[in-house]
Amino acid sequence: MFLTCIFALVTWPVLAQVFPDRPIRIIVPVGPGGGTDIFARKLVELIGPSLGQPIIVENRPGGSGTIGTQAVIDARPDGHTLGFVWNTPITAAPHTLGARYQLDSYTPVMRVGYSPFALCARPDFPASNLQEMVARIRANPGQYTWGNEGMGGVMHLGVERIWRRLGLDLTAVPFQGAGQTLPAFLGGHITFYGGSLTGAVPALRAGTAKCLMLTTPDGSPEAPGSQGLAILGLTDMAITIWWGLIAPKNVPSDRLERLTSVFSAAARQAEFATLMQQQAAVIQIDTGEAFARSIRAEYEALGEVARQLNLLR
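Note that the coordinates shown come from a computational prediction; the quantities given were computed from them, not determined experimentally. (Residues numbered from 1 in each chain as written. Predicted model: local features only at pLDDT ≥ 70, side-chain atom pairs only at ≥ 80, totals over all residues. Heavy atoms only, no water.)

K.L.:
Explain the environment of T287 to me, please; I cannot follow it from the model alone.
P.N.:
Within the element layout of this structure, T287 appears in strand β10 (residues 282-287). The exposure class assigned to T287 is partly exposed, which follows from its relative accessible area of 34%. Taking the C-alpha atoms as reference points, T287 and A172, 115 residues apart in sequence, are found 34 Å from one another. Those residues in contact with T287 that lie beyond four places of it in its chain are V109, M110, T260 and S264. (Helix = DSSP H or I, 4+ residues; strand = E, 2+ residues; numbered from the N terminus. Buried < 20%, exposed > 50% of the residue type's maximum accessible area, 1.4 Å probe, protein only. Contact = heavy atoms within 4.5 Å.)

In structure tokens:
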């Protein structure tokens, strides 16, 4: 009896620290059905029972992703709440959208992949490549409009950086996501579609649009004939939409390591790569400090262009 009590006293602290000891919650700061939500749910499906607890995906849309992101930041830092986000609420919103959090308010855990932003024209636009497009815009300042997926978001700021470097004068027209931008473009209300390549793929495949610019150095097989920024000598201007995991500050390092290991293994499965390819996205797994450094670089670059455009809030 005495030995049994001693054993219980010795082992109780160890058992009490088992992680996770309840369901993991993944907050996705957009509604169901978009790329961010689809990727999060596929990762959860691929992880399955490997953590020993259910993983629940909770959609918290609103505020261009800031509401759900704030919910992650405010959660108890015990590893049971994570956020699966894209970059607008992380690197743009603290500058332009009135977010209450800053760069050091959360812990970057892991990036899983990215997709270029695309600038597309209708088939009859009088330019067949990126250089011709630039020449056309330069010769007609202020004449053309480009839609984007939200004023003050990553694409708006990133592409405005490019326009400013090239000395081009276009009028930005903000929408709430590709679901609004693409119909306005196809209906002739704006000259160029601006948004994720994922959002443009249906029109490209249908032949109702042509991709003239990607915001990565090179083109993409998902947009035949497309060209990236390298042809203009602007590789330092590259900007993408990326997806990844964040956690509240001060989650114990051993818990973060376990979560990173499990999510990384899921992201490396062929089934996840196939899904991303179907969505015109590319696997890129960065964890820990490497992910944090890339976030900081993007955050600082977008903050500078927000200042130049008088969009700081």
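There is more to say, and it comes next.
K.L.:
What is the right way to look at the nonpolar core in this model?
P.N.:
Grouped together as the largest cluster of nonpolar side chains are 66 residues, with contacts concentrated most on I26, F84, M133, W163, F192, W243 and F263. A per-element tally of this core places helix α6 (residues 154-166) first, with 7 residues. With near-sequence residues (within four places) excluded, F84 lies in contact with I26, I27, V28, P29, T36, F39, A40, L43, V112, W243, G244 and L245. Grouped together as the second largest cluster of nonpolar side chains are 18 residues, C120, I190, Y193 and A280 included. (Core = buried A, V, L, I, M, F, W, Y, C linked by side-chain atoms within 4.5 Å.)

K.L.:
How should I be thinking about the environment of V85 in this particular structure?
P.N.:
With respect to the helices, strands and loops of the structure, V85 is situated in strand β3 (residues 81-86). With a relative accessible area of 1%, V85 lands in the buried category. As a C-alpha pair, V85 and G34 span 51 residues in sequence and 12 Å in three-dimensional space. Setting aside residues no more than four positions away along its own chain, V85 makes contact with P29, T36, T69, I90, W242, W243, G244 and I246.

K.L.:
Explain the pairing of β3 to me, please; I cannot follow it from the model alone.
P.N.:
The side chains of a regular strand alternate, first on one face of the sheet and then on the other. Within β3, 6 of the 6 residues are buried, which leaves it mostly tucked inside the rest of the structure. Across 3 bridges, the pairing between strand β1 (residues 24-28) and β3 is parallel. When the bridges of β3 are listed, R25 appears paired with T81. As defined by bridge partners, β3 adjoins strand β9 (residues 240-248) across 4 bridges and the pair is classed as antiparallel. Considered in β9, the bridge of G83 is made with I246. (Pairing = 2+ DSSP bridges.)

K.L.:
What is the right way to read the packing of α6 against helix α11 (residues 288-308) from this model?
P.N.:
For any two helices packed against each other, one specifies the inter-axial angle together with the distance between the axes. As a packed pair, α6 and α11 sit with axes 9 Å apart at the nearest point and diverge in direction by 70 degrees. Classified by the angle between their axes, α6 and α11 sit roughly perpendicular to one another. Seen along the crossing, α6 lies across α11 with a hand that is left-handed. Touching V154, L157, G158, E160, R161 and R164 of α6 are E298, A301, L302, V305, A306 and Q308, all from α11. Across the contact of α6 with α11, the residue classes break down as 6 nonpolar, 2 polar and 4 charged. (Axes fitted to C-alpha atoms, helices over the stretch in contact; angles between N-to-C directions. Parallel < 35°, antiparallel > 145°, perpendicular 65-115°, else oblique. Left-handed = near helix turned anticlockwise from the far one by under 90°. Nonpolar A, V, L, I, M, F, W, Y, C, P; charged D, E, K, R; others polar.)

K.L.:
Is there a simple way to explain the packing of aromatic side chains in this structure?
P.N.:
The geometry of an aromatic ring pair is captured by two quantities: the separation of the ring centres and the angle between the planes. For the coordinates displayed, the defined rule picks out 8 aromatic pairs. With a centroid separation of 6.1 Å and an interplanar angle of 85 degrees, the aromatic rings of W146 and W163 are classed as edge-to-face. Of this pair, W146 sits in strand β5 (residues 145-148) while W163 sits in helix α6, placing them 17 residues apart in sequence. Grouping residues by exposure puts W146 and W163 together as buried. With 5.3 Å between their ring centres and 80 degrees between their planes, W242 and F291 make a pair best called edge-to-face. Taken as a pair, W242 in strand β9 and F291 in helix α11 lie far apart in primary sequence, 49 residues in all. Assigned by exposure class, W242 and F291 land together as buried. (Phe/Tyr/Trp six-rings, centres within 6.5 Å; stacked < 30°, edge-to-face > 60°.)

The values reported here are purely geometric and, on their own, carry no functional implication.
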